[in-house]
Amino acid sequence: MNEQARTLTGWQRRRQTTLRVTIGDVVARSLITFGGMATILAVLGVCLFLVWEAAPLFFAGESREQAAYSQPWDNPAPATVQPLHLAVDDHRTLAWAVMPDGQLHVFLLETGELVHQRQLFPAREMTAASFGERGGDAVFGFANGQIQRGDITFETQFLNHDDVPASYHDMAVNEVRAYEDASLLMTPGDQFRLRRVNVSLDEPAELSEPSAIVRLSHTMRRSGPMIASYTEDGRLLLNEIRQRRNLMTGEVRVELRDRELPFRLPADRDAPDHVHIVGLGDNIFVVWDDGLLLRYDLRDRNDPRVVEAVDLVPEQGERLTATGFMLGRHSLVTGDSLGRTRVWFRVPVDEADDADVAVVAEVEGDGLRMVNAHELPGPEAVGVTDFGRSLRSRMLAIGYADGSIRLYHVTANNLVLETRAAGDRPIDLLTMAPRDNGIVAVTDQRVHDWAISTRHPAITARSIFTPVWYEDYTRRLHMWQSSAATDDFEPKYGLVPLIFGTLKATIYSMMFGLPLALLAAVYTSEFLHRKVRAKIKPVIEMMASLPSVVLGFVAALVIAPIVGRFVPVMLLTFITIPLTYLVCAHLWQLLPYRWHVRLSEWRFSFILASTPVALSLALLGGPVIEWLIFSGDTRGWLGGQVGTGAPGWFMLLLPVSALLVALLFSMVINPRLRQMGEDWPRSKLAPLELAKFAGGVALTVALAAFAGLLLAGYPWHWFAATPPIALDPRGSFVIGGLDLSPIGAYAQRNALVVGFVMGFAIIPIIYTIAEDALNAVPDHLRSASLGAGATPWQTAIRLVVPTAMSGLFSASMIGLGRAAGETMIVLMAAGNTPVLEMNIFNGFRTLSANIAVELPEAAAGGTHYRMLFMAALVLFTLTFIVNTVAETVRLRFRKRAFQL
Amino acid sequence: MTTVSRQCNQDRGSARATPPAVSGTTRRKRRGPSLTAHGEPMVWLIGGGLAICSCMILALLALVVFNGAATFWPRAIVELTIADGQVVMGPVARGEYFEAGAPAEADVVDDPASEAAPAPAAASPAPDDELVTEEHAEAGVLGLVRRDLIQVGNRELFGTPFQWVSRASVESERLPQWAIFVERRTWGPMVGTPAAFIIDGEEVASTPAEVWAMFEQHHPAVRQRHAQRRVLERVDSGGVNDREEAARLNLVQTRLRYGTDSDAYAAAMQELEEVRAWAQQRHAEIREQIDLLNDQNDRYRLVTDTSRVEAVEQESVAWTQATPTLQADLPTPGGDFARWRVVDGSLSIRIEAEPEAEDNGEATLILAAHDDGAGTLVQTAGSARLVSGVLDRRGNRVTLEVDADLPANLPVLASYDMQQQRELGLDQIVRAYPANQLTLTRKAGIYLDRWWEFLTERPREANTEGGVLPPIVGTVTMTLLMCFLVVPFGVLAALYLREYAKAGPIVSAVRIAVNNLAGVPSIVFGVFGLGFFCYIVGDFIDSGPTHAAPNYQWITALAALVLVTLVAAGATMLRLRATDDRQWSVRMLGYVTTGLWIVVAGVVLWLVIRNPFFGGFFPAQAAEGTPVFNKGGVLWASLTLALLTLPVVIVATEEALAAVPGSMREGSYACGASKWQTIRRIVLPRAMPGIMTGMILAMARGAGEVAPLMLVGAVTMAQELPVSGSAPFLHLDRSFMHLGFHIYDVGFQSPDSEGAKPMVYTTTLLLIGIIAMLNVSAFFLRTRLRRRFAEAQF
């Protein structure tokens, strides 16, 4: 109440803060808040951006109906007659259609305005036609037994302003109009693009025994078209058209060679409904609508024969309603009256999975069989009516009898989009635009045109994480193969091999680095002299910032060749080093107690000194071991060329049996020994311990050797002719394409080298954090333990380590995260082959190395580019989870440590 | 664990069972803890872990330091005469022991160079093997034979500059007094003896000593003139080019903006013409100066005897085609039967044995074929007569034309002679020294001179020689830029987290997230940098927004922004006036203010990225397909690394802030200081060493990262440095070279990995040195900081 009275001097200071200070405070506050929040958000934005870039991979496609109009060919032809084939140019301005009577109609796609119309074959009756994939090549068959080849192509011409009549000058950019018999489009560059359909027909050629041609299929080979045809008189023919150009006159003579295939119409059947020849011209499929398929092998031209008969529709009463090929004319596509669309291709018999194939008749095969690799469901119980295949990818548009259309990516089994033609009439004809940006459908009433955007049809969550059946592979596989030398190659984006590689790198480097780092941390914190610790710790910590490119260089160019030269020595070091330490420790025990106490300060020096001993032992013993158990050729043995699996089992089981023996000793022998030797002096006990140790080693070796021989199937020979178990660790554990065998053929760049060198990267991190955690255990606990009579060893193992356990765990997790994300070491030393093999002597490809190798070459915004962002996101998520767990545990541990 | 605990339980049990000690020395002796309780073997195992870690680390450091430091030391040149009469001369690069049984396998595996062209000594396996087995008998216990990798140099002669020589096959060894080691600007080093010195086409000296004296007399001046020439080329000529390019880009930009028939275009065109005329004149002047220097330098030439007299070999090769043209496919990598060599501007052929060829005909030919592919017949004998021979430039196919009918598969016996001299302009010589006459001081001088060259010169010969100045400049520029970017933001974030944000689940979640991000793989940041900075932000800077808003929309938004900003400012003022934070209305006002400011920030962002009036800073370059920022560059690399190292700075700064005792803050408040005053005057100065530590740690981490840089701007060879003497001095858009990436490139992508290894080791040593220096300084700062706090504690 009375402020003045409180001050001593009676002088009251102005307590109002000056405006300058307030404003400074506010500005600083808002700046720091804003800057701080923005910084943190920016860091989190990394994650968001990855998601933002990767997410479009999974967006569905979109379609927009551009136009629907009544059929342009309506006037001359009756409405029920539908064209045989319809093609669209790659800018989606012009389309042509060929009618069964040989009429060609050319019309604007946007409006349906007919610009050109002609009868291709004025005097003859066309009875069959086959149209090629891209080039516009076509083959026609006639009632008089003639076959004629032709090209119906789009022709482009650019016109300037002055070349066009003035009435067209008011066209807007990208507007399309009819101009004479062509389409005219105004380009942004102030030019007109004229596009017309060009028809060129070769001279017809006649069959040697003319008969009306009912079915026709052709494929373009370099030498000319190969044609499979079925004639009215029941013959199946293989025709080849050759053009001979007379050099003098320039006259072209067309020659038709036909060869009759051994075909006999099955008793109760009419003429086959479809005849197809595959892209390479080595197989012909003859198909009836009830599902029977006969496959002819043409590889031996002189002896074409039926090699397979398959029932494509086993269900009673159901029929095939459409057949066709995927891009490349390799995979056969069939649609049936149940609305299913199936994709078939040939795989070797012995490697084929048990796909649902119903073999009708046993015939002498060609070692291949048709398998149903993909099945694409349609709307409920509505028959498939037609396919439109993509001309650049593995997509397939399927039209159904109820007017709906589905666009599938076949390999990924991905329903990209679905649309429907108004009026619910069956889709009679379906065509995809050459750039996969449009679909044209013909019903018996109208023509529909959709603009579509497919985004990234090859990618679904299933296709990147589960095995996918790629064309021409024998089974479903996990594969990553983003580019190849050839054009018609299908990129394979399975992330599993990369994730597997990442895990493999992590596992092997953790197997090597984790125990070393933790042991080193425990020793440093509990047994090392304070002065030595102050020197060693910063050195190891400094290693954490050693650039990984240096490690990668050392791994690839220094260590890999050395390891490659001394494989048995390397393997032996894993045995000699611990063994040497144990032997030395037992010898150390032989020292009188007084010496022991005095020297224990120098123990680490002795340990250090015994390390080279262990290494030289391994160096000397390497050749011996190689000669003794690896048949003198370690690499050959690893590759499986020489020797049996027994040495491998011996090596792998050695640690297990060592553990078993240790368990046995501590549970059975040690208590007895202790009871017995209670009153013995140290000098008497120590030799006994040494003897016990020697016995243990012998037992371990014997146990491992016995188990190894047993597993490799050796002793069974005494009892049975065929051993019940004969396992080889070099590649006998293959599960679903995943080779889990721990050892196998040797590659120069391998997981052993990577694991070893990655140790340099992860040991310092794990060591530092683990050592800090151990140090954080309060000293009063140690004092209490020691005061109660426990030895330092007991204190360390019973008290300090359990108390610091969560810290040790967190250290391991952080090391794990580092190992998973390491790039340069694996890039340089891992060989970078995306294989699914656990083999420690083989290479691998990790997510990180894959990104580093491929991202600079990937086109921004493309599927490959986004898949690499996806890979980065997976890596990010992986490490983020691991790190979060570690961090949470660490914080909890910290809290607990404060309470102690 | 279970075994151990059980064991200890037993221990305790037994301890309890023993009666308590009363007195007497014998009793006490026995009461020492039991042997198993000491767990000596286990302690040794644990210690072994530490021992292995230490050994690994020391071995790695020793490897790098030894190899890196020894590279530049001039080594003696040995001359080895091998059993088959061949003479090999050069310094010994390294040696190794190999098992006599498998001579060639071990080293070839990872060595593309030796694979590509096997050393002549190993090329004819038959005699070599024999000798090896001979040695094997002498070698003793391990059956190992020593072999040396001789740096024979003279790459244009021998194809590969290194050659393995098995000690077993050496007949005599000596150190030739006048053997000189010549480092050349192209074709790598050369080994030979000085034969003559030529000035203006006249031989002025012919004995080695005289020649050498002349060389030492004239070389420094030549070297200096060469340096002058380089400056003229790079600085003067480069400046002229820059100006010309700027004028040209200006023209393109004007065309894009105003069209071709505008006045501005005409003006720009005229300016370009003027600049071109000026540039032409300037170029002519510079050319003249350069020509003058070149003429002076060209006067001096050194002739070196690279003689390696090789015995005439009589071996055969099978031609694959019959007459009239014979064709032979010469060696595929690893093949063993032929080789071309340049002798005095012509090529001579050496054809070695194809083991399967039968000896059923005879023809000796010596063919001299010129560089351009034309061949002249020098000598033939036997039944075949050669008209001409043509070989392709890569030297792996020879086509010989003969005038007689010859059977296919005719074995041809070839002989060759390697006596030769090389004439070399002094200009081409970087450094030369008579390796076997050097005193220790001279050696040290050369050693230091080489280090100096290494640190100050640009790389030559596909980065395998010369210096690493561009990588050093690139690394330093990038790291410093990163530092400028990361420190302010890191400190702001840490201040916010530690001083301003109220502790709660969100803040601890953020802290966990930030700590975590330190563990996110660096390549992920690289992916982000490429996708966001290079492709999105870079594109925006180059050519403006891709989806600009319509003008009216943008202007409306601008107006809205002004409005919202005014409202937000008003709300902020109100909020400042309010004193009682506990009233809910005041708190609501606070939330509203924050929300408004967030809206303002959002609108500003929208206005920037949809600005229809902004057409990019470099539309001309973007239109020409030579993007400026829409690609990797030093700015994007620094930004990416700044993000990467941000957690390091945040964590270090937070720790430093936390270490400032609360009592000091309280004292400051008690004196009436405001929060910001306290932070600025009390907290930040105390925390400064900690912040510096964080900064240095971030620099160390950033300098060593390579993976993200591969994506955002590090290149194998950059013509221009990111820092230069021409405006704007710091070129943020330029790609750069980086020491780490240099190691990756040279060590891993280089075709001649053996030749590149020394370079990689020295670069590695340099990089490790820089990083270790940064780390050590961080370490000392930390210690100082701790000491200071100990004093500052109230």
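Refer to the structure presented above.
Residues numbered from 1 in each chain as written. Chains lettered and ligands numbered in written order. Predicted model: local features only at pLDDT ≥ 70, side-chain atom pairs only at ≥ 80, totals over all residues. Heavy atoms only, no water.

Undergrad: Help me understand the overall build of chain A in this model?
TA: Within chain A, the secondary structure is distributed over 19 helices and 36 strands. Here the C-alpha atoms of chain A give a radius of gyration of 39 Å, more than 25% beyond the 29 Å that 2.2 N^0.38 yields for 900 residues. Dimensions along the principal axes, computed over C-alpha positions, put chain A at roughly 120 × 110 × 60 Å. Sorting the 900 residues of chain A into buried and exposed places 53% on the buried side. Within chain A, counting contacts between residues at least 6 apart in sequence, those at least 24 apart form 60% of the total. Per element, the accessible surface of chain A, about 39700 Å² overall, is 58% carbon and sulfur. (Helix = DSSP H or I, 4+ residues; strand = E, 2+ residues; numbered from the N terminus. Rg over C-alpha atoms; globule rule 2.2 N^0.38 Å. Buried < 20%, exposed > 50% of the residue type's maximum accessible area, 1.4 Å probe, protein only. Contact = heavy atoms within 4.5 Å. Areas by Shrake-Rupley, 256 points an atom, 1.4 Å probe, with all protein chains shown as cover.)

Undergrad: What is the right way to look at the sheet that holds strand β28 (residues 404–409) of chain A in this model?
TA: Within a sheet, each strand pairs with its neighbour through backbone hydrogen bonds, oriented either parallel or antiparallel. Residue and element names in this part refer to chain A. Overall, antiparallel pairing links the four strands, which are arranged β26-β27-β28-β29 in an open sheet. Each edge of the open sheet is held by one strand with a lone partner, namely β26 (384–389) and β29 (414–420). This sheet shows a mean twist of 20° between the axes of neighbouring strands, independent of strand direction. (Pairing = 2+ DSSP bridges. Axes fitted to C-alpha atoms, helices over the stretch in contact; angles between N-to-C directions.)

Undergrad: Just checking my understanding: could you explain the packing of aromatic side chains for this structure?
TA: To describe a pair of aromatic rings, one takes the distance between the centres and the angle between the planes. If you walk through the whole model with that rule in mind, you get 45 aromatic pairs over all chains. Ring centres of Phe630 of chain A and Trp637 of chain A lie 4.8 Å apart, and the angle between their planes is 50°; this geometry places the pair in the tilted category. Among the residues examined, Trp637 of chain A registers a relative accessible area of 0% and is labelled buried. Three or more aromatic residues joined by ring pairs form one cluster here, namely Phe49, Tyr865 and Phe869 of chain A together with Phe528, Phe532, Phe533, Tyr535, Phe618, Phe629 and Trp636 of chain B. The side chain of Arg124 of chain A reaches across the aromatic face of Phe142 of chain A, ending 4.3 Å from its centre. (Phe/Tyr/Trp six-rings, centres within 6.5 Å; stacked < 30°, edge-to-face > 60°. Lys NZ or Arg CZ within 6 Å of the ring centre and 35° of its normal.)

Undergrad: Whenever I open this one, unusual backbone geometry confuses me. Can you help?
TA: Peptide bonds are trans in most cases, and residues, glycine excluded, mostly fall at negative phi. Residue and element names in this part refer to chain A. A positive phi angle, near 50°, is found at Arg329, a position not held by glycine. Within the secondary structure layout, Arg329 lies in the loop between β21 (320–325) and β22 (332–336). The buried category is assigned to Arg329, whose relative accessible area is 9%. One non-glycine residue, Asn832, lies in the positive phi region at around 60°. Structurally, Asn832 can be placed in the loop between α17 (824–829) and α18 (847–854). What makes Asn832 buried here is its relative accessible area of 15%.

Undergrad: Could you clarify how one ought to interpret the pattern of salt bridges in this entry?
TA: A side chain of one charge can pair with a side chain of the opposite charge when the charged atoms of the two come close. Residues and elements named next belong to chain A. One pass over the structure, following the stated rule, counts 62 salt bridges over all chains. We note a salt bridge from Asp90 to Arg435, for which the minimum N-O separation is 3.9 Å. Note that Asp90 is positioned in the loop between β2 (85–88) and β3 (94–98) and Arg435 in the loop between β30 (429–432) and β31 (438–442), a separation of 345 residues in sequence. Its relative accessible area of 24% is what places Asp90 among the partly exposed residues. (Salt bridge = Lys/Arg side-chain N within 4 Å of Asp/Glu carboxyl O.)

Undergrad: Explain the interface of chain A and chain B to me, please; I cannot follow it from the model alone.
TA: Each partner contributes residues to the interface: chain A has 118 residues there, and chain B has 105 residues. Of the roughly 10200 Å² buried where chain A meets chain B, counting both sides, 78% is carbon and sulfur surface. Contact with chain B buries surface across chain A, with Ile32, Arg674 and Trp793 of chain A losing the most and accounting together for 8% of the total. At the junction of chain A and chain B, the tally comes to one salt bridge. We note a salt bridge from Glu40 of chain B to Arg603 of chain A, for which the minimum N-O separation is 2.9 Å. Our enumeration of links across chain A and chain B arrives at eight residue pairs in polar contact (both at pLDDT 80 or more). (Buried area = accessible area lost by both parts, 1.4 Å probe. Polar contact = N/O pair within 3.5 Å; in protein donor to acceptor, adjacent residues only side chain to side chain.)

Undergrad: I keep staring at the sheet that holds β3 of chain A and nothing clicks. Help me out?
TA: Residue and element names in this part refer to chain A. Strand order in the open sheet formed by four strands is β2-β3-β4-β5, with antiparallel pairing between adjacent strands. Looking at which strands have only one partner, the edges of the open sheet turn out to be β2 and β5 (114–119). The mean inter-strand angle of the sheet, taken between neighbouring strand axes irrespective of direction, is 15°. When β2 meets β3, the two strands line up antiparallel, connected through four bridges. Residue pairing for β3: Val88 is matched across the bridge by Ala95.

Undergrad: Hey, could you run me through the packing of helix α19 (residues 863–899) of chain A against helix α14 (residues 505–517) of chain B in this one?
TA: Taken N-terminus to C-terminus, the directions of α19 of chain A and α14 of chain B make an angle of 125°; their axes are 9 Å apart at the nearest point. The pairing of α19 of chain A with α14 of chain B is recorded here as oblique in orientation. Handedness of the α19 of chain A/α14 of chain B crossing: right-handed. Touching Phe876, Phe880, Asn883, Thr884, Glu887, Arg890 and Leu891 of chain A of α19 of chain A are Ile512, Ala513, Asn515, Asn516 and Leu517 of chain B, all from α14 of chain B. (Parallel < 35°, antiparallel > 145°, perpendicular 65-115°, else oblique. Left-handed = near helix turned anticlockwise from the far one by under 90°.)

Bear in mind that shape data such as this cannot, by itself, settle questions of function.
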